[in-house]
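These are the residues of each chain, in order.
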Amino acid sequence: MSALYITYWICLLAAITAALCLLLRAYIMMARRLGITNGISNKVVTGGGIIIPLACIAADIYSAHHFFLYPYFLAGIVIIATISFIDDIHDVSPWLRLGVHFACAVLLLLQMGVEAPWIEMPWWLCAIVVVGIVALVNTFNFIDGIKGITGCYSLAVLLPCYLTFIPVNEMVFLCITAAIIAFCCFNFSTPERCYCGDTGSISIGYFAAFLILCYASLSPVSGNAPQPPMLIDGLDLTAIIFVIVYLIDSSFTLTKRILRRENIFTAHRCHIYQRLAFEAGVPHMRIAIGYAATQAAISVAYVIAPPKHHLTVLIVSAVALSAAYCFISSRLNAAAKSRHRELCNSH
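Residues numbered from 1 in each chain as written. Predicted model: local features only at pLDDT ≥ 70, side-chain atom pairs only at ≥ 80, totals over all residues. Heavy atoms only, no water.

Participant: Sorry if this is basic, but what is going on with the overall build of the protein here?
Facilitator: From N to C terminus, the protein includes twelve helices and two strands. Walking the protein from its N terminus toward its C terminus, one meets helices and strands in the order α-α-α-α-α-α-α-α-β-β-α-α-α-α. Taken over the C-alpha atoms alone, the protein extends approximately 75 × 50 × 45 Å along its principal axes. Scored against the burial criterion, the 347 residues of the protein give a buried share of 48%. Between the centroid of the 19 positive side chains of the protein and the centroid of its 16 negative side chains there is a distance of 15 Å. (Helix = DSSP H or I, 4+ residues; strand = E, 2+ residues; numbered from the N terminus. Buried < 20%, exposed > 50% of the residue type's maximum accessible area, 1.4 Å probe, protein only. Lys, Arg positive; Asp, Glu negative; His and termini not counted. Charge placed at Lys NZ, Arg CZ, Asp CG, Glu CD.)

Participant: What exactly am I supposed to notice about the pattern of salt bridges here?
Facilitator: Two side chains carrying opposite charge are able to pair once their charged atoms lie near each other. Within the structure shown, the criterion is met by four salt bridges. With its nearest N and O atoms 3.6 Å apart, the salt bridge here joins Arg97 to Asp87. Taken together, the residues span a long stretch of sequence, with Arg97 in helix α4 (residues 94–115) and Asp87 in helix α3 (residues 71–89) at a distance of ten residues. The exposure classification of Arg97 matches that of Asp87, with both residues buried. Of the charged contacts, one joins Arg257 and Glu262 as a salt bridge, the two residues approaching to 2.8 Å between their closest N and O atoms. For Arg257, a relative accessible area of 4% corresponds to the buried category. Here the salt bridges do not stand alone but share partners, grouping Arg257, Arg260 and Glu262 into one network. (Salt bridge = Lys/Arg side-chain N within 4 Å of Asp/Glu carboxyl O.)

Participant: Would you mind showing me how to read the packing of aromatic side chains here?
Facilitator: How two aromatic rings sit relative to each other is set out by the distance from centre to centre and by the angle between their planes. Following the criterion strictly, the structure yields 16 aromatic pairs and no others. A centroid spacing of 5.4 Å and a plane angle of 75° characterise the contact between Tyr8 and Trp9, whose relative ring orientation is edge-to-face. Classification of Tyr8 as partly exposed rests on a relative accessible area of 49%. The class for Trp9 is buried, based on a relative accessible area of 18%. Relative to Tyr302, the ring of Phe242 lies with its centre 5.2 Å away and its plane at 80°, an arrangement referred to as edge-to-face. One end of the pair, Phe242, is in the loop between β2 (235–236) and α9 (244–259); the other, Tyr302, is in helix α11 (residues 284–304), with 60 residues separating them in the sequence. For the residue pair Phe242 and Tyr302, the accessibility class agrees, reading buried in each case. By way of ring pairs, the aromatic residues Tyr70, Phe73, Tyr206, Phe207 and Phe210 are connected into one cluster. (Phe/Tyr/Trp six-rings, centres within 6.5 Å; stacked < 30°, edge-to-face > 60°.)

Participant: Explain the packing of α4 against helix α5 (residues 123–142) here, please?
Facilitator: Each packed pair of helices is defined by two parameters, the angle between the axes and the distance between the axes. Packing of α4 against α5 leaves a shortest axis separation of 9 Å and a crossing angle of 125°. With respect to α5, the axis of α4 lies oblique. The two elements α4 and α5 meet at a crossing, and its hand is right-handed. Between α4, through Leu98, His101, Phe102, Ala105, Val106, Leu108 and Leu109, and α5, the contact on the second element is made entirely by Cys126, Val129, Val130, Val131, Ile133, Val134 and Asn138. Split into classes, the residues belonging to the contact of α4 with α5 amount to twelve nonpolar, two polar and no charged. (Axes fitted to C-alpha atoms, helices over the stretch in contact; angles between N-to-C directions. Parallel < 35°, antiparallel > 145°, perpendicular 65-115°, else oblique. Left-handed = near helix turned anticlockwise from the far one by under 90°. Contact = heavy atoms within 4.5 Å. Nonpolar A, V, L, I, M, F, W, Y, C, P; charged D, E, K, R; others polar.)

Participant: Explanation requested: the environment of Leu237 in the structure shown.
Facilitator: For Leu237, the position within the fold is in the loop between β2 and α9. Residues Leu237 and Ser217 lie 20 residues apart in sequence; the distance between their C-alpha atoms is 9.1 Å.

Participant: Can you walk me through unusual backbone geometry in this structure?
Facilitator: Glycine aside, residues mostly have negative phi, and peptide bonds are mostly found in the trans state. With a phi close to 60°, Arg261 is a non-glycine residue in the positive phi region. Looking at the secondary structure, you find Arg261 in the loop between α9 and α10 (272–278).

Right, dumping it as C-alpha cells:
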C-alpha cells in the first residue's frame, strides 16, 4: 500500500468528517428547537447518531453508481434506524422494536447470501445467526449510557479492518468511520453536546454485525490453508471476538437481572461500566477508553494469531473478561455494603 494511496484516503476521511460535523451541528440546532433532548438538559440533544445511517446511505448510493451496493443491508439499516429515531423522540413498544430488529436481522442474512453465495447454512445455523445479530444490536444499545463509550468502542471494533483488510466497500467503511469521528467531536466535548441515542448505537451495532459476518465468511477455507477450529458451514464463529468485551458485560448483566426476576426491558444501571461511573465515581472517559483499549488489545491478538489459534484466543479472552467482571462486581458490592453500614451507624 503506497504512501500516496494512504494520504488520499486520510484526506478523504478528513473531508467527509468535516462535512458530517457540519451536518451534525445543524441537527443539534434543530433538535434543540424541537426539544429532542436527553431529558436532563435542554442543551444536550439525543439522536445524534442519525448521521451514521445517513452516511451509510450516501456512501452506498455513491459506490453503486447505478444500483444500491448492499440493498438488503441498506434497507435494514434504514428501517432499524427509523424505528430507533422514533423511539428516541417517543417511547415505542419494546415488542415492536424487537420484531423490527428480527426482520432487519433477516435482511442482513439475505445480504450475506449475496456477498458469500458459497456459504450454504442450514436452517438452525441461520436461526442462531439471526438471534446473534439481534443480541449484538441490542448490546450496543444497552451499553450506551455514559460519555464517550459508544464512540471509543466503535472505533475499537473497526480496528481489525484498519490492520488487515476491509471486508466491505471502502467508501461505505470510510463514511461510517467519519460519522463516528464526527459524533465523537460533539460527544467528547465538555460539557457534551449530544448523545448517540438508540438511532446511532443500534445503527453502529447493525453495521458491526455486518462486518463480523463478512469477516466470518471470508476465512481461509480453501487450499492448504489452516482452517479455524470453529468453522461451521463456511462461517468462522470466532469472529465474535471483535465485540467480546461488550458481549461479556451484557451477558453477565442480563443473566443477573433474569435471576433477580427484573423486567429486562426497563432502564437500569447494572452494567459494570454504569456501576463504575455512578457508584465508584470513575470518570466517564476513563471507562470508555478502558473498554475500547481492552477490545483493541484482544482484537490485535486475534488478528496476529494464526487461524488455528483463534479459538484459544477467544476462550482465553472470554475467561479473563469474565474473571475481571466478577472481581470488579465483587469489589463494587463490598463498597456498597460498606457505605450502607456507615449510613446505618450514622443514624
